Amino acid sequence: MERTYKPEGGRIASAENKEYLATPQGLERAMNAGVILEGVVTLCDSRLCLHVDLPCAVGVIPPDEAVYCRQGETRKDIALITRVGKPVAFCVKSLESRGGVLTAVLSRRMAQERCIKEYLSRLCEGDIVLARVTHMEPFGAFLDVGCGVSSLLSVDCISVSRISHPRDRLCVGQELSVVVKSIERDSGRIYVTLRELLGTWEENAAFFEAGQTVTGIIRSVESYGIFVEL
């Protein structure tokens, strides 16, 4: 199951993905079977439709099909605009001939809904999942935990030692394994943690001994001393 619902970009170079996208017949098979595919967004037009690079057709994701919104959420235009140049997961919703040109109407929302229903909703606290960093704020990093579905890794759950910003440990695009910390079953929001996979303070301290010379990074300077990360 985990291999099926990867962070976006995880399937784009696969032989299966390329085979389905190569021909109109492949797109039709994927549509009938409900296969999740991936392609790169090349344009967000004035109507906020996302145009996806497909070898054999014009690929279009209408704005209402571009992102799954949880209960109480509204779609943000910036979430569409920032997809340009990046891979997206999608299902083929329909195939149409427009002016003699084959147009594939795609739905990222359908792929995300399936990911939530068949994968994310079955997760439990303590499960380890593969994720990719999508963007960072001072309070934490947002991760893609499957088909572009977002999860929050708060700054206090990133490191054993104290850090001031997620960029002290992470970078956008980085893949990492994280632990499911909690799940809001009503909203479907998932919160994850990295700290539990890094070992306890005692386990990490066991690698050092008194008198040993080591290098470190100065993290903060206080009136009573300097905090150094080993």
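Everything here concerns the structure above.
Worth saying up front: this structure is predicted, and the values here are computed from it rather than measured.

Visitor: Would you mind going over the overall build of the protein chain with me for this structure?
Guide: Along the backbone of the protein chain there are 5 helices and 12 strands. Each principal axis of the C-alpha distribution contributes one length, and for the protein chain these read about 75 × 35 × 35 Å. Burial status across the protein chain gives 37% buried among its 230 residues. Looking at the protein chain alone, contacts between residues at least 24 apart form 60% of all its contacts between residues at least 6 apart.

Visitor: Please explain the packing of aromatic side chains as it appears in this structure.
Guide: By convention here, two paired aromatic rings are described through the distance between centres and the angle between planes. Using the criterion set out here, one finds 2 aromatic pairs in the structure. Arranged with centres 6.1 Å apart and planes meeting at 10°, the rings of Y5 and Y119 form a pair that is stacked. With Y5 in the segment before helix 1 (15-22) and Y119 in the loop between helix 4 (108-118) and strand 6 (128-137), this residue pair connects regions lying 114 residues apart in the sequence. Y5 sits in the buried class, given a relative accessible area of 4%. Relative to F142, the ring of F139 lies with its centre 5.9 Å away and its plane at 90°, an arrangement referred to as edge-to-face.

Visitor: What am I meant to see in the sheet that holds strand 1 (residues 37-44) here?
Guide: In spatial order, the strands read 1-2-3-5-4; together these 5 strands close into a barrel with mixed pairing. Going across the sheet, the axis of each strand differs from the next one's by a mean of 45°, ignoring polarity. Note that strand 4 (residues 87-98) and strand 5 (residues 101-107) share 7 bridges and pair antiparallel. Each residue of the ladder has a partner; that of E96, found in strand 5, is T103. Those strands touched by helix 2 (residues 24-33) are strand 1, strand 4 and strand 5, and its axis lies near 110° from that of strand 4. Its contacts with the sheet put helix 4 on strand 3 (58-61), strand 4 and strand 5, and the angle it makes with strand 4 is roughly 135°.

Visitor: Where do I start with the sheet that holds strand 8 (residues 150-154) in this structure?
Guide: Sheets are built from strands paired through backbone hydrogen bonds, the pairs being either parallel or antiparallel. Strand order in the closed barrel formed by 5 strands is 6-7-8-10-9, with mixed pairing between adjacent strands. Direction aside, neighbouring strands of the sheet carry axes that sit 55° apart on average. Pairing analysis gives 5 bridges linking strand 6 to strand 9 (residues 175-183), with the strands arranged antiparallel. Along strand 9, the bridge assignment pairs V129 with V178.

Visitor: How do you make sense of helix 4 when you look at a structure like this?
Guide: Think of an α-helix as 3.6 residues a turn; residues three or four steps apart then line up on the same face. Looking only at helix 4, the buried set comprises R108, A111, Q112, C115 and I116. Around the axis of helix 4, the buried residues are gathered within 135° of arc, so they sit on the same side. In this structure, the buried residues of helix 4 make contact with strand 3, strand 4 and strand 5. Sitting at the amino-terminal end of helix 4 is S107, which places a side-chain oxygen 3.0 Å from the backbone nitrogen of M110.

Visitor: Just checking my understanding: could you explain the environment of S150 for this structure?
Guide: Structurally, the position occupied by S150 is in strand 8. Measuring from C-alpha to C-alpha, the distance between S150 and E38 comes to 17 Å, with 112 residues separating the pair along the chain. Sequence-distant contacts of S150, that is, excluding residues within four places in its chain, are made with R70, F142 and L143.

Visitor: What should I look at first to understand the packing of helix 1 against helix 2 in this one?
Guide: Helix-helix packing: each pair is described by the crossing angle between the helix axes and the interaxial distance. At a minimum axis distance of 5 Å, the contact between helix 1 and helix 2 shows a crossing angle of 115°. What the angle tells us is that helix 1 and helix 2 run roughly perpendicular. Counting all contacts with helix 1, which are made through E19, Y20 and L21, the residues of helix 2 involved are G26, L27, R29 and A30. By residue class, the composition of the contact of helix 1 with helix 2 is 4 nonpolar, 1 polar and 2 charged.

Conventions and cut-offs
Residues numbered from 1 in each chain as written. Predicted model: local features only at pLDDT ≥ 70, side-chain atom pairs only at ≥ 80, totals over all residues. Heavy atoms only, no water. Helix = DSSP H or I, 4+ residues; strand = E, 2+ residues; numbered from the N terminus. Buried < 20%, exposed > 50% of the residue type's maximum accessible area, 1.4 Å probe, protein only. Contact = heavy atoms within 4.5 Å. Phe/Tyr/Trp six-rings, centres within 6.5 Å; stacked < 30°, edge-to-face > 60°. Pairing = 2+ DSSP bridges. Axes fitted to C-alpha atoms, helices over the stretch in contact; angles between N-to-C directions. Arc of directions from axis to C-beta. Polar contact = N/O pair within 3.5 Å; in protein donor to acceptor, adjacent residues only side chain to side chain. Parallel < 35°, antiparallel > 145°, perpendicular 65-115°, else oblique. Nonpolar A, V, L, I, M, F, W, Y, C, P; charged D, E, K, R; others polar.

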